[in-house]
Every structure is written in C-alpha cells, then in structure tokens.
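# Inside the fold
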Amino acid sequence: MNTLFQAAFGTSKPVIGMVHLCALPGAPLFDPDVDLVAAARADLDALQGAGFDAVMFGNENDRPYEFQVDPASSAMMAYVIGQLRGEITVPFGVNMLWDRMASVAVGATTGAGFIREIFTGTYASDMGLWSPDASKAMRYRDRLGRSDMAMLFNVSAEFVHSLDARSLPDRARSAVFSSIPDAVLVSGQITGEAAAMSDLEAVKAVLPDTPVMTNTGVKHETFADVLRVADGCIVGSSLKVDGDTWQAVDPDRARDFMDRVKAARG
C-alpha cells in the first residue's frame, strides 16, 4: 500500500467527510453576507464530532465550475482553512474544482495532508474540452516543498465523458504506471451519484497494490458493500440535511453514518 496514503490518513480504509464551503468570492452564487468561516466551522465540528477519519475542504458551491478558479476563491479557501486550522483534529485535504494547480497551491500552503483532483485524461465536459496535466501539478507540489502531500487521482470524473477509448480499468492502470498517484478514485456521473460497483471492482482488480477509493454517492445503506472492495471512501451529500448536497452537514446523519462504520469495523 502506498506510503503517502498511509501517512496521510494513519488508518486503513479511511472515511473522509466533505466540508463544502459556501460559494467563494468570484463565483456567481457568492453572498457577501454569509459568514464563510462560521458555516465551515459548523460542518467541521459535525464531522469531527461524528468521528470521521479525515475531512476535505472543497468549493462545490462555486458553480458554474471552472478549469482555472478565480484567485480570490483560492485566497478565501486558504483564509477559511487558516482560521480553522487550530480546530482541525483529524487529517485534512483540499479540492479546488476543477483546477489542479489551485488545489496544489491551497493544499500545500495550508498544510493539507492530501488533495483530490482530475490529473489525467482527456474529456468532453460541461466546462468544455478538458486535458489536465499531472506532470505540472506534481512538479508544482514538489517545488512548493510538499512532496509529502498525497495526491488522489479521480479517474472517472463527474460531469464529463472520457474521450479515451480505453476501458476505465485500463485508464486507471495506465495512470498509476505513468503518473504515480497516491490513490485512485472512482466516481459516479455527478456529485452525490454512486459509482457503479462494477467499475469499482474492475479498477481494484487491476490495481491490487494501489489504494482505490470511491469518490461519490456513498450512503448509509451502501457503505459496507463499498468498503468490502474499496480502500476508503469520500462522503458528502448523504451527510447533509435531508441528503441535499447544498445544505449544511446534519450532525445526526453524520453521527449515524460513522456509528454504522464503527460497528462494521468491530
């Protein structure tokens, strides 16, 4: 198992809870009257109180998404994390949708243990033609002195169609060979939609020695089946009030989720 993955989480099969920040400056939904720090703190407290193994800060509300996020958005994300840094008691990560370089920058400067992004492939997407560059992102991470920051590669991105004719397992296997990710993530078609178990099983079958995580749509009723195959999971929408992606984390739903995880772990 990848050593950076182990160092980032300190546990087997980590369960990562999402802190979806309210829309940031530069995004159409940004509301200057919203207290971004207070909203993020409430979600963080709910996830840590429920016993999640790690948390990840993301800008899910910055719709429509961009390949290069507004610098003000990155600055505000870093500011919010900085304000909460002394209260974070678990490993944390960063994801600036869909900007790999911004994810590296914010993650590196805030002390994150990991980042998530699309680093490989060519896609037709809601944002247009997309060809990310893993080599630039990894070299940038190292130039910032954060070669210890794990990079989680989402190989079946949401909101896109891969223009690569190879199967998902072949694309995942190739990404591991050519770009040395610290983990591979398998996703559904959109945020909150589950990855197909057949996709997860097929990717894990060809990558027995690489951490493979499920990235979207994990629910209270499905996590046990998911973790029988996956090496961890990222959970967002199912923890929110009424299971609605755009709501705050519901402390009761978050606690119920992790109570079930702990019971399954024995």
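Look a little higher up for the structure.
Please read these numbers as outputs of a predicted model, since none were measured by experiment. (Residues numbered from 1 in each chain as written. Predicted model: local features only at pLDDT ≥ 70, side-chain atom pairs only at ≥ 80, totals over all residues. Heavy atoms only, no water.)

### What to know about unusual backbone geometry
Cis geometry is found at the peptide bond from Arg 63 to Pro 64, where omega equals -10 degrees. Tracing the backbone shows Pro 64 in the loop between β2 (54-58) and α3 (71-84). Backbone torsion omega between Leu 97 and Trp 98 reads -20 degrees, so that peptide bond is classified as cis. Within the element layout of this structure, Trp 98 appears in the loop between β3 (92-95) and α4 (100-110). We note that Ile 180 has phi near 45 degrees; this positive angle belongs to a residue other than glycine. Along the chain, Ile 180 falls in the loop between α6 (168-179) and β9 (183-186). The exposure class assigned to Ile 180 is exposed, which follows from its relative accessible area of 56%. (Helix = DSSP H or I, 4+ residues; strand = E, 2+ residues; numbered from the N terminus. Buried < 20%, exposed > 50% of the residue type's maximum accessible area, 1.4 Å probe, protein only.)

### Quick word on helix α2 (residues 36-50)
Taking 1.5 Å per residue as the helical rise, α2 with its 15 residues ought to reach 21 Å, and the 21 Å between its terminal C-alpha atoms agrees with that figure. Listed as buried for α2 are Leu 36, Val 37, Ala 40, Asp 43, Leu 44, Ala 46, Leu 47, Gln 48 and Ala 50. Against the buried residues of α2 lie β1 (15-20), β2, α3 and α9 (251-265). The N-terminus of α2 is capped by Asp 35, whose side-chain oxygen sits 3.2 Å from the backbone nitrogen of Val 37. (Expected span 1.5 Å × (residues − 1). Contact = heavy atoms within 4.5 Å. Polar contact = N/O pair within 3.5 Å; in protein donor to acceptor, adjacent residues only side chain to side chain.)

### Brief notes about the nonpolar core
Ranked by size, the top nonpolar core spans 62 residues in total, and within it Val 15, Phe 52, Phe 57 and Phe 257 carry the most contacts. Considering every element that reaches this core, the biggest residue donor is α2, with 7 residues. If sequence neighbours within four positions are ignored, Phe 57 has contacts with Met 18, Val 19, Leu 21, Met 77, Ile 81, Leu 84, Ile 88, Phe 92, Gly 93, Val 94 and Asn 95. Grouped together as the second largest cluster of nonpolar side chains are 15 residues, Ile 16, Met 18, Met 56 and Ala 150 included. (Core = buried A, V, L, I, M, F, W, Y, C linked by side-chain atoms within 4.5 Å.)

### Re the pairing of β1
Among the 6 residues of β1, 6 are classified as buried, and the element is accordingly described as predominantly covered. Bridge analysis of β1 against strand β11 (residues 233-235) gives 3 bridges, and the strand direction is parallel. Bridging across to β11, Gly 17 finds its partner in Val 235. One ladder, built from 5 bridges, connects β1 with β2; its direction is parallel. Each residue of the ladder has a partner; that of His 20, found in β2, is Gly 58. Traced from β1 through α2 to β2, the parallel crossover comes out right-handed. (Pairing = 2+ DSSP bridges. Right-handed = clockwise from strand over helix to strand, strands pointing away.)

### Examining the sheet that holds strand β5 (residues 123-125)
Spatially, β6-β5-β8 is the arrangement adopted by the 3 strands of the open sheet, whose pairing is antiparallel. On the outer flanks of this sheet lie β6 (128-130) and β8 (160-162), each paired with one strand and no other. Pairwise comparison of adjacent strand axes, ignoring direction, gives a mean angle of 25 degrees for this sheet. As paired elements, β5 and β8 share 3 bridges and run antiparallel to each other. Counted as the bridge partner of Ala 124 is His 161 from β8. (Axes fitted to C-alpha atoms, helices over the stretch in contact; angles between N-to-C directions.)

### Examining the packing of aromatic side chains
Under the criterion given, the structure shown has 12 aromatic pairs. Judged by centre distance (5.3 Å) and plane angle (75 degrees), the ring pair of Trp 98 and Trp 130 falls under edge-to-face. Of this pair, Trp 98 sits in the loop between β3 and α4 while Trp 130 sits in strand β6, and the two are 32 residues apart along the sequence. Each member of the pair Trp 98 and Trp 130 is classed as buried. Taken together, the ring pairs connect Tyr 65, Phe 67, Trp 98, Tyr 123, Trp 130 and Phe 159 into an aromatic cluster. The aromatic ring of Trp 246 is capped on one face by Arg 63, whose charged end is 3.6 Å from the ring centroid. (Phe/Tyr/Trp six-rings, centres within 6.5 Å; stacked < 30°, edge-to-face > 60°. Lys NZ or Arg CZ within 6 Å of the ring centre and 35° of its normal.)

### Section: the pattern of salt bridges
All told, the structure shown has 11 salt bridges when counted by the stated rule. When the shortest N-O distance is used, the salt bridge between Arg 265 and Asp 53 registers 2.7 Å. Of the two residues, Arg 265 is situated in helix α9 and Asp 53 in the loop between α2 and β2; the sequence distance between them amounts to 212 residues. Of the residues examined, Asp 53 reaches a relative accessible area of 15% and is grouped as buried. Across the salt bridge formed by Asp 252 and Arg 255, the nearest N and O atoms sit 3.1 Å from each other. Here Arg 255 and Asp 252 lie together in helix α9, a separation of 3 residues that amounts to about one turn. On the basis of relative accessible area, Asp 252 is assigned to the exposed category, the value being 55%. Assessed through its relative accessible area of 37%, Arg 255 is described here as partly exposed. (Salt bridge = Lys/Arg side-chain N within 4 Å of Asp/Glu carboxyl O.)

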